[in-house]
Amino acid sequence: MAMAQHRREGRWARRSQLRGITTLRRVRNCGTPLDPDGGVTLAVTTNTDGSRSAGYSGLASCGSVWACPQCAAKIATRRADELSKVMRAVDEAGGSAFLLTLTMRHARGDRLGLSKEERARLRCLEENRSLYEAANANHWDFDEREAEAEAIEEQTLRHARGCWDVLSDAWARVTSGGVWQADQKLFGGLLGWARVVEVTDGDNGWHVHIHALLCFGEQVSAELVAASVGARMFTRWRAALERKGFDASEEHGWDLRRVQLGDGDLADYFTKIAHEVTGSHRKEGRRAGGRTPMQLLADAVDTSEESALARWWEWEQASEGRRQLTWSIGARDLRKLAGLGAEPMDEDIASEDLDADLRLGLTMDTWDALERGELGAELMRIAELGGIPAAKAWLTIRGLAWTHETERPPLGKMP
C-alpha cells in the first residue's frame, strides 16, 4: 500500500511538472477542475480487504497513454486486468499463447512519425487524389492546379513519414494475405491476437517495435510456432519495411516465445507500465534499448536541456492520437472469448471516477491551495490511512475548508 501511494505521489508530481512544458492542450489541462463553480470532491471507498482507496471527482483527464504519467498508469492497470482475463480464457479453452516481438533497424536521424494533424491531412489528400483520378478518367471538370498542388503536398508528407508510420503499415501487411489466412487455421485455429506498440529513445534514435500476443486453440510448442507462423510473419514484416526504405535483422529483428499468465505476457507488460511509469525515470533503471517515454519526460523537466525538451516535443506530437493496444476482431475476437465486451476507449478509462462510499466536497480555494502546495496526492494518502475524519482533520490544521460530506446509502435504499 505504501509503495503504491509513493508511486502515485510521483505520478502527480510529474504531471504537475509536465504542464509547464507540454505542447498538448489536453495534457496541460489534465488534473484541473472541470467546473470551477462545481468544485472538486474527495472520494473514499473501503475495499473488501478492509483497506481504503481514495480519488477525486470533478477533475479533467487527458487519457494519454503516451504523455501523461497519471492517465498512463490508470489505463495500463485496466489493460493488464483485461489481458489477464484473456490469458485465463485461453488456458481454460485448452489453448496456448505466444509473445511475438518485431523490431526494425533504426538510426539517430530517423524521424519518429507524422503528427496527428499531419496524419489527418495525408488521409484527406489521399482521398482527394482518388476523386481527382476518378474525375480525370470520366472526363469530369476539376481544378487541375489544385490537384497538382495537393499531389506535391501529399508527396512531401509521405517523405516526412517516420518509423512509427512505417511500423503501422508493416503490421497491416503481416496480418493480411493468403498465407496469413492459412496460418490462422493451424494449431487448433488462431483464437486471436493483441498488439502493443512500444517506443524507447536510445543512442541510435527511436526504437519502435511491436509485441503481439498470439493465441491458438491447441497446446503447441514455441519451436513449432516460431518455425512456421512466426517465421512467415517476420518475412512479411521485413518485406514491408524494405518497401518503405527500412529493414529488419534476421538475427535480431524478431523473437517468439511461449508465455503463461504473469510470465512475461502482455498483462505482465502492462502491470510493469503501471508500476514503473514514474519510478523508471531513475538513470540506473534504464533499459538496454534506451529511455522510455517517462524517462525522457524526467530528463526534460529535471534538466531543461534543449535536446531533451526537443526530443519530448517530438514524442508528444508523433504519439498523439495513436493507439497503444489493438485487438483482432471478428471471428477471432479475444475480448469476446474472455467475456470482456466492447473495448472502452483510453479516454473513458482515464475519466472514470472512484465508486466511493464517502465523499467530501472541497472549495475551490482549498483545491487551489492543494495544487500550489502539490498536496493533492498527500490528502488522498491521509484519507486512505484514516478515512474522511482524518482528511477533515488534516484540512482543518491547514486552515482549508470543505463544503459538504455525503455517504452512499445502503444497498436497496434510496437517498
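Everything that follows concerns the structure shown earlier in this document.
Procedures and definitions
Residues numbered from 1 in each chain as written. Predicted model: local features only at pLDDT ≥ 70, side-chain atom pairs only at ≥ 80, totals over all residues. Heavy atoms only, no water. Helix = DSSP H or I, 4+ residues; strand = E, 2+ residues; numbered from the N terminus. Contact = heavy atoms within 4.5 Å. Areas by Shrake-Rupley, 256 points an atom, 1.4 Å probe, with all protein chains shown as cover. Lys, Arg positive; Asp, Glu negative; His and termini not counted. Charge placed at Lys NZ, Arg CZ, Asp CG, Glu CD. Pairing = 2+ DSSP bridges. Expected span 1.5 Å × (residues − 1). Buried < 20%, exposed > 50% of the residue type's maximum accessible area, 1.4 Å probe, protein only. Salt bridge = Lys/Arg side-chain N within 4 Å of Asp/Glu carboxyl O. Core = buried A, V, L, I, M, F, W, Y, C linked by side-chain atoms within 4.5 Å. Axes fitted to C-alpha atoms, helices over the stretch in contact; angles between N-to-C directions. Parallel < 35°, antiparallel > 145°, perpendicular 65-115°, else oblique. Left-handed = near helix turned anticlockwise from the far one by under 90°. Nonpolar A, V, L, I, M, F, W, Y, C, P; charged D, E, K, R; others polar. Phe/Tyr/Trp six-rings, centres within 6.5 Å; stacked < 30°, edge-to-face > 60°. 1 Å grid on protein atoms, 1.4 Å probe; cavity = no way out; pocket = protein on both sides within 12 Å on 5 of 7 lines; lining within 4 Å. Points joined across faces, edges and corners; volume = space filled by probe spheres on them.

1. As for the overall build of the protein chain
- Counting secondary structure elements, the protein chain contains 15 helices and 9 strands.
- The long-range share in the protein chain, meaning contacts at least 24 apart out of those at least 6 apart in sequence, stands at 78%.
- Counting every atom, the protein chain has about 20,400 Å² of accessible surface; 50% of that belongs to carbon and sulfur.
- Here the protein chain holds 55 positive side-chain charges and 64 negative ones, and the gap between their average locations is 3 Å.

2. Considerations on the pairing of strand β2 (residues 52–57)
- Bridging between strand β1 (residues 40–46) and β2 involves 6 bridges; their strand directions are antiparallel. Paired with Thr41 across the two strands is Ser57, which belongs to β2.
- Counting the residues between successive antiparallel strands, the hairpin from β1 to β2 contains 5 residues, one of them, Gly50, with a positive phi of roughly 95 degrees.

3. Section: helix α4 (residues 116–137)
- Compared with the 32 Å implied by 1.5 Å per residue over 22 residues, the 32 Å span of α4 between its first and last C-alpha is a close match.
- Within α4 the residues assigned to the buried category are Arg119, Leu122, Leu125, Asn128, Tyr132 and Ala135.
- Considering only its buried residues, α4 is in contact with α5 (144–160), α6 (163–174) and α11 (306–319).
- Immediately downstream of α4, the backbone of His139 shows phi near 60 degrees, a positive value.

4. What to know about the pattern of salt bridges
- Applying the stated criterion across every chain yields a total of 30 salt bridges.
- Put simply, Arg79 and Glu343 hold a salt bridge, and the shortest N to O gap is 3.6 Å. Of this pair, Arg79 sits in helix α3 (residues 69–92) while Glu343 sits in the loop between α12 (334–337) and α13 (346–351), and the two are 264 residues apart along the sequence.
- Judged by its relative accessible area of 3%, Arg79 falls in the buried class.
- Glu153 is paired through a salt bridge with Arg121; the nearest N and O atoms lie 2.9 Å apart. On the criterion of sequence distance, the pair formed by Glu153 in helix α5 and Arg121 in helix α4 is long-range, its members being 32 residues apart.

5. Regarding the nonpolar core
- In this structure, Trp164, Val208, Trp237, Leu256, Trp312 and Trp315 are the most contacted members of the largest nonpolar core, which totals 62 residues.
- Broken down by element, this core gets its largest block of residues, 9 residues, from helix α8 (residues 222–243).
- Non-local contacts of Trp164, meaning those with residues more than four positions away in its chain, are made with Trp66, Leu112, Val197, Val199, Val208, Trp315, Ala318, Ser319 and Arg322.

6. Some points on the packing of helix α1 (residues 2–18) against helix α10 (residues 293–303)
- The geometry of α1 relative to α10 is characterised by a closest axis approach of 10 Å and an angle of 60 degrees between their N-to-C directions. One element, α1, and the other, α10, form an angle in the oblique class. Between α1 and α10 lies a crossing whose hand is left-handed. Listed contacts from α10 to Arg14, Gln17 and Leu18 of α1 are Leu297, Ala298, Val301 and Asp302.
- The residue makeup of the contact of α1 with α10, split by class, is 4 nonpolar, 1 polar and 2 charged.

7. Things to note about the packing of aromatic side chains
- This structure, assessed with the given rule, holds 12 aromatic pairs.
- Taking the centre distance of 5.0 Å and the plane angle of 90 degrees together, the rings of Trp66 and Trp164 count as edge-to-face. Of the two residues, Trp66 sits in the loop between β2 and α3 while Trp164 sits in helix α6, which places them 98 residues apart along the sequence. Taken individually, Trp66 and Trp164 each receive the classification buried, so the pair is uniform in this respect.
- Arranged with centres 5.7 Å apart and planes meeting at 85 degrees, the rings of Trp66 and Trp315 form a pair that is edge-to-face. Taken together, the residues span a long stretch of sequence, with Trp66 in the loop between β2 and α3 and Trp315 in helix α11 at a distance of 249 residues.
- Overall, Trp66 belongs to the buried group, its relative accessible area being 6%.
- For Trp315, a relative accessible area of 0% translates into the label buried.

8. Remarks on the sheet that holds β1
- The sheet built from 4 strands is open, its strands ordered β2-β1-β8-β9 with antiparallel pairing. Strands with a single pairing partner mark the edges of an open sheet, and in this sheet they are β2 and β9 (402–407). Going from strand to strand, the sheet's axes swing by 20 degrees on average, the running direction of each strand aside.
- Sitting on the sheet, helix α14 (residues 364–372) touches β1, β2 and β8 (358–362), and the angle it makes with β8 is about 90 degrees.

9. Some details on the layout of surface pockets
- A volume near 1,100 Å³ is recorded for the largest pocket.
- Along the walls of the largest pocket sit 41 residues, with Arg8, Arg11, Ala54, Gln70 and Lys74 positioned nearest its centre.
- Sorting the residues of the lining of the largest pocket by element identifies α1, β2, α3, α9 (266–276), α13 and α15 (376–397) as the ones contributing at least two each.
- The greatest single-element share of the lining of the largest pocket, amounting to 8 residues, is contributed by α3.
- Split by residue class, the lining of the largest pocket holds 16 nonpolar, 14 polar and 11 charged.
- Approximately 470 Å³ is the volume attributed to the second largest pocket.

By themselves, these figures tell us nothing about what the structure is for.
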